[in-house]
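What the coordinates show
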Amino acid sequence: MAPQRARPSHDEAADVQIIRSRQSQVGSLPVRRTLPQRGLRTVGPWCFVDHMGPATIDDAGRGLGVAPHPHIGLQTVTWLLDGEVLHRDSLGTEQVIAPGQLNLMTAGHGVSHSEEGTGRYRGPIQGAQLWIAQPDETRHAQPAFEHFAELPAIDVGHATATVLTGELDGTASPARRDSDHSGFDLALRPGDTTLPLRPDYEHALVVLTGAVQVHGTTAVPGELVYLAPGFDELHLTVDSPTRALLLGGIPLDDPVLIWWNFVARTRDEISAAHRDWTEGHERFGHVDSSRPRTDVDPPIWSKQ
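Below is a short write-up of the structure. (Residues numbered from 1 in each chain as written. Predicted model: local features only at pLDDT ≥ 70, side-chain atom pairs only at ≥ 80, totals over all residues. Heavy atoms only, no water.)

Attention now goes to the overall build of the protein. Counting its secondary structure elements, the protein contains 2 helices and 26 strands. The globule rule puts the C-alpha radius of gyration for 304 residues at 19 Å, and the 19 Å found for the protein is close to it. Counting all 304 residues of the protein, 56% fall into the buried class. Within the protein, residue pairs in contact and separated by at least 24 positions form 72% of the contacts whose partners lie at least 6 positions apart. (Helix = DSSP H or I, 4+ residues; strand = E, 2+ residues; numbered from the N terminus. Rg over C-alpha atoms; globule rule 2.2 N^0.38 Å. Buried < 20%, exposed > 50% of the residue type's maximum accessible area, 1.4 Å probe, protein only. Contact = heavy atoms within 4.5 Å.)

Right, here's the structure in full:
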């Protein structure tokens, strides 16, 4: 596990950093992975950010398909810009999500799920899959799932901010929140926008479409702009319509261990979860999917 970075004191020139994503593949969907990265493992409790697509679901339904797989110790946040996705999980949930809607799955002690095409939608697919590391108080608890057909949104400057989780300028999301963090979708129009920030949070701006100037630094899709704690405002300028996610939270006191789809604190927890999944333990239940479940080799330390 890579060590957590030192948390710098506030100095605007030093505390705004551009971090490039890396290309990856999740099932049949191309992604830009911006978290975790070497040197930046978490932003608050946000520990995983994939920008999915843009891609196309064709007439044969190809372009989206993540087979059943397990999770522990995290919440998954699914947010779409284009398309439709069918979520199935071991709780018995079958939920289609569309742009403007939020799926929030809490893994706790263990859950499994798949993300698939709906069988009826054809066209572009793009969005974000994010993980939030659960605190000790809830990470061993029972799994849960929430779907929100609508979320609150407010206009700030030349932006419309949809509150996915947490609160912005007095507007709060109804989504469950186990730790001190926030997440907003920003639809930015040409011009300048200033957003209020909590100075005790660290923040990340993830550009999904377009381009945005952040405190004099330009960021484009595939880039994450990191702001260390200490900022009480975020200044954004765009020349054309732009979409971005703004994620924030209290920096974690202790690093989390991320391996495959598991978020834990020790290797023993990871090894036990992998063993339970491989052996078909009831801990992860069953997903009613036609796709074969995903299996991987055990972590390297389990082979030693």
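Counting 26 residues, the largest nonpolar core has Leu-130, Leu-224 and Leu-245 as the members making the most contacts within it. Only strand E4 (46-57), strand E6 (74-82), strand E9 (102-106), strand E11 (123-133), strand E19 (202-209), strand E22 (223-227) and strand E24 (242-249) provide two or more residues apiece to this core. Leu-188, Val-212, Ala-219 and Leu-227 belong to the second-largest nonpolar core, a separate cluster that totals 25 residues. (Core = buried A, V, L, I, M, F, W, Y, C linked by side-chain atoms within 4.5 Å.)

Let's shift gears to the pattern of salt bridges. As enumerated under the stated definition, the model contains 14 salt bridges in all. Residues Arg-88 and Glu-94 are paired through a salt bridge, measuring 3.3 Å at the closest nitrogen-oxygen approach. According to the relative accessible area criterion, Glu-94 is partly exposed, its value standing at 48%. Residues Asp-180 and Arg-177 are paired through a salt bridge, measuring 3.6 Å at the closest nitrogen-oxygen approach. A residue is classified by how much of its surface remains accessible, and Asp-180, at 31% relative accessible area, is partly exposed. Owing to a relative accessible area of 39%, Arg-177 belongs among the partly exposed residues under this scheme. Each of the salt bridges in this network shares a partner with another, and the network as a whole consists of Arg-177, Asp-180, Arg-198 and Asp-200. (Salt bridge = Lys/Arg side-chain N within 4 Å of Asp/Glu carboxyl O.)

This next bit is on unusual backbone geometry. Put simply, Leu-35 and Pro-36 share a cis peptide bond, and its omega is -5°. Within the secondary structure, Pro-36 is located in the loop between strand E3 (29-35) and E4. Here Gly-53 and Pro-54 are connected by a cis peptide whose omega angle stands at 0°. Residue His-215 is not a glycine yet carries a positive backbone phi of 50°. Looking at the element boundaries, His-215 is found in the loop between strand E20 (212-214) and strand E21 (217-219).

This part is about the packing of aromatic side chains. Applying the stated criterion to the full structure yields 7 aromatic pairs. With a centroid separation of 6.2 Å and an interplanar angle of 20°, the aromatic rings of Phe-262 and Phe-284 are classed as stacked. In this pair, Phe-262 is assigned in strand E26 (residues 262-264) and Phe-284 in the segment after helix H2 (267-278), connecting sequence segments 22 residues apart. Here Phe-262 and Phe-284 have matching classes, each one buried. Measuring from centroid to centroid gives 5.8 Å for Trp-277 and Phe-284, while their planes differ by 85°, and the two rings are edge-to-face. (Phe/Tyr/Trp six-rings, centres within 6.5 Å; stacked < 30°, edge-to-face > 60°.)

The sheet built from 7 strands is open, its strands ordered E2-E3-E4-E11-E6-E9-E12 with antiparallel pairing. Where the open sheet ends on each side, the last strands, each with one partner, are strand E2 (22-26) and strand E12 (144-148). With strand direction ignored, the average angle separating the axes of adjacent strands in the sheet is 20°. Judged from the 5 bridges that link them, E9 and E12 form a sheet pairing that is antiparallel. Residue pairing across strands places Leu-102 opposite Phe-148, the latter belonging to E12. (Pairing = 2+ DSSP bridges. Axes fitted to C-alpha atoms, helices over the stretch in contact; angles between N-to-C directions.)

On the secondary structure map, Ala-149 appears in the loop between E12 and strand E13 (153-156). Judged by relative accessible area, which is 48%, Ala-149 ranks as partly exposed. On a C-alpha basis, the gap between Ala-149 and Ala-107 in space is 21 Å, while along the polypeptide they are 42 residues apart.

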